[in-house]
Amino acid sequence: MHQPRKRESKIALTLGLPALFLCVNPAWAEFTLNWTSDTGNPVFSGTNITQTDDGGNDQLIGGQTPFVYERVLDGTTPYYHLIVGDPASGFAQEVYIQAGFFGQTGGNCRGPVTCAGTADAIGPTVSASGGDTAVAFGFEGNGFDPLSSDATSSGNSSGNPSRVQMRQLVTDGDLTVDFVKDKYLEKPSITNIIDASDLNATVIIDSTGNPLNSAATASVVTNTTELKGANLPPDVSSPNGGPSAVRFDMATDAPDAHVTAGRYSYAPGPGPGGSGGTYTYSEGSANINPDWSSYFDAGEANPWAYPDNRPTP
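Small disclaimer: the values here were computed from a predicted structure and weren't measured. (Residues numbered from 1 in each chain as written. Predicted model: local features only at pLDDT ≥ 70, side-chain atom pairs only at ≥ 80, totals over all residues. Heavy atoms only, no water.)

What follows concerns the overall build of the protein. Broken down by element type, the protein carries two helices and 17 strands. Of the roughly 17600 Å² of accessible surface on the protein, 54% is carried by carbon and sulfur atoms. (Helix = DSSP H or I, 4+ residues; strand = E, 2+ residues; numbered from the N terminus. Areas by Shrake-Rupley, 256 points an atom, 1.4 Å probe, with all protein chains shown as cover.)

As structure tokens, this is what we get:
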């Protein structure tokens, strides 16, 4: 359970009139990324989903990826909380993203007088990402075209990272990839480890303390590789001429390394909660909005409520 630090969230002004409650931006305190629901009764939790098709017909579909969806509060600031998958299965992702009727005073309020009092009172709203204009198609959210590269319908690649916490863990035998962004205003840290019988390779980009709004400082990088096993060149310095370990450590073997990891910045954009902003890189650029449909596995029994935009094999 998340226990926010004490903060001031409302200011009462008594000027011979009824008190006016004004929302102010809170001093942010982070949630805990632990693959656990923060409420006793999430909006949705389980592996069975109800799909509603274009004709308004409901169909219960079981055996899906474990999924938790709930609305929670950090003080008076509402967040969507999503958990997809299970670390034990080899894939899990947990996300907190700020929600609210952005544009109201303070950016978090349901109206000009009151702030959200309970998580359930948040109601249908937008998050700090694009995709809200999908309502123009007659549907709420991005269910109409979830893999679109057009953020106005899908919201993909549009989120304001300074209003997001997330972790994604992928494990597959010898491989572990752990993406952790546990601070709103800092860049994510990424750990990539291969630990196999013939190879041990570690790449860690530690962005602890590296702010999102500056590209001036590179993140701390660990990069080591070791080849193991019998099929290695002989160690001529060894008395018995046994196999020689082959090692590389960037810290000692690449004294002139030019590190650019973490040297980028994000400037908030015009969308809800500062979404749709601009990433600026110290060198070159990156495609942060690829063809998302290329990641779709047509061989899986993946239900789509609106199949018009389902990718074809």
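Right, let's talk about the packing of aromatic side chains for a bit. Evaluation of the coordinates by the stated rule reveals ten aromatic pairs. Geometrically, the ring pair formed by Tyr264 and Tyr279 is tilted, given 6.3 Å between the ring centres and 45 degrees between the ring planes. Here the residue Tyr264 occupies a position in strand β16 (residues 264-267), and Tyr279 occupies one in strand β17 (residues 278-281), the gap between them amounting to 15 residues. A relative accessible area of 26% means that Tyr279 is categorised as partly exposed. An aromatic cluster is defined as three or more aromatic residues linked by ring pairs; in this entry it consists of Phe31, Tyr79, Tyr96 and Tyr184. In this arrangement the basic side chain of Lys187 is found over the ring face of Tyr264, its NZ or CZ atom lying 4.8 Å from the centre. (Phe/Tyr/Trp six-rings, centres within 6.5 Å; stacked < 30°, edge-to-face > 60°. Buried < 20%, exposed > 50% of the residue type's maximum accessible area, 1.4 Å probe, protein only. Lys NZ or Arg CZ within 6 Å of the ring centre and 35° of its normal.)

For the protein, the average pLDDT comes to 79, and 75% of its residues sit at 70 or higher. Below pLDDT 50 for its whole length, residues 104-122 participates in 42 contacts with residues either more than four positions away or in separate chains. (pLDDT = per-residue confidence, 0-100. Contact = heavy atoms within 4.5 Å.)

The next subject is the side chain of Asp145. If you trace the backbone, Asp145 turns up in the loop between β9 (126-127) and α1 (151-154). Summary of buried charges: Asp145 has no salt-bridge partner, and the nearest side chain of opposite charge, Arg310, is 12 Å away. Among all residues touching Asp145, those that are not within four sequence positions of it are Ser153, Ser154 and Asn309. (Lys, Arg positive; Asp, Glu negative; His and termini not counted. Salt bridge = Lys/Arg side-chain N within 4 Å of Asp/Glu carboxyl O.)

Turning our attention to the nonpolar core. If you look at the biggest cluster of nonpolar residues, it comprises seven residues: Tyr80, Val95, Ile97, Ala99, Ala128, Val164 and Met166. When residues of this core are traced back to their parent elements, those giving at least two are β8 (91-100) and β10 (164-172). Broken down by element, this core gets its largest block of residues, three residues, from β8. Setting aside chain neighbours within four positions, we find Val164 in contact with Val95, Tyr96, Ile97, Lys181, Lys183 and Tyr184. Formed by six residues, the second largest nonpolar core is a distinct cluster that contains Leu33, Tyr79, Tyr96 and Tyr184. (Core = buried A, V, L, I, M, F, W, Y, C linked by side-chain atoms within 4.5 Å.)

So, on to the pattern of salt bridges. The tally for this structure, following the rule as stated, stands at three salt bridges. Linking Asp195 and Lys228 is a salt bridge whose minimum nitrogen-to-oxygen distance equals 4.0 Å. A residue pair is termed long-range when its members are at least 10 positions apart, and Asp195 in strand β12 (residues 189-195) and Lys228 in the loop between β14 (220-227) and β15 (246-249) qualify at 33 residues. Classification of Asp195 as partly exposed rests on a relative accessible area of 44%. Of the charged contacts in the structure, one is a salt bridge between Arg247 and Glu226, with a shortest N-O distance of 3.5 Å. Of the two residues, Arg247 is situated in strand β15 and Glu226 in strand β14; the sequence distance between them amounts to 21 residues. Classification of Arg247 as exposed rests on a relative accessible area of 59%.

Another point: the pairing of β10. Bridge count for β8 against β10 is seven bridges, and the pairing is antiparallel. Following the sheet pairing, Val95 is matched in β10 by Met166. The sheet contact formed by β10 and strand β11 (residues 175-181) spans seven bridges and is antiparallel. Across the sheet, Arg167 pairs through a bridge with Val180, a residue of β11. (Pairing = 2+ DSSP bridges.)

This part takes up the environment of Ala88. The topology assignment puts Ala88 in the loop between β7 (77-86) and β8. Accessibility expressed as a relative area gives 73% for Ala88, which makes it exposed. Along the primary structure Ala88 and Val170 are separated by 82 residues, whereas in three dimensions their C-alpha atoms are 9.8 Å apart.

To continue, consider the environment of Asp86. Within the element layout of this structure, Asp86 appears in strand β7. By relative accessible area, which is 34% here, Asp86 ends up partly exposed. Between the alpha carbons of Asp86 and Leu169 there is a distance of 9.1 Å; along the sequence they are 83 residues apart. Not counting residues within four places of it along the chain, the set of residues in contact with Asp86 comprises Phe91 and Ala92.

Here we take up the environment of Ser294. With respect to the element layout, Ser294 can be found in the segment after β17. Separated by 17 residues in the primary sequence, Ser294 and Pro311 have C-alpha atoms spaced 8.2 Å apart. At 2.6 Å, the side chain of Ser294 forms a polar contact with the backbone oxygen of Asp291. (Polar contact = N/O pair within 3.5 Å; in protein donor to acceptor, adjacent residues only side chain to side chain.)

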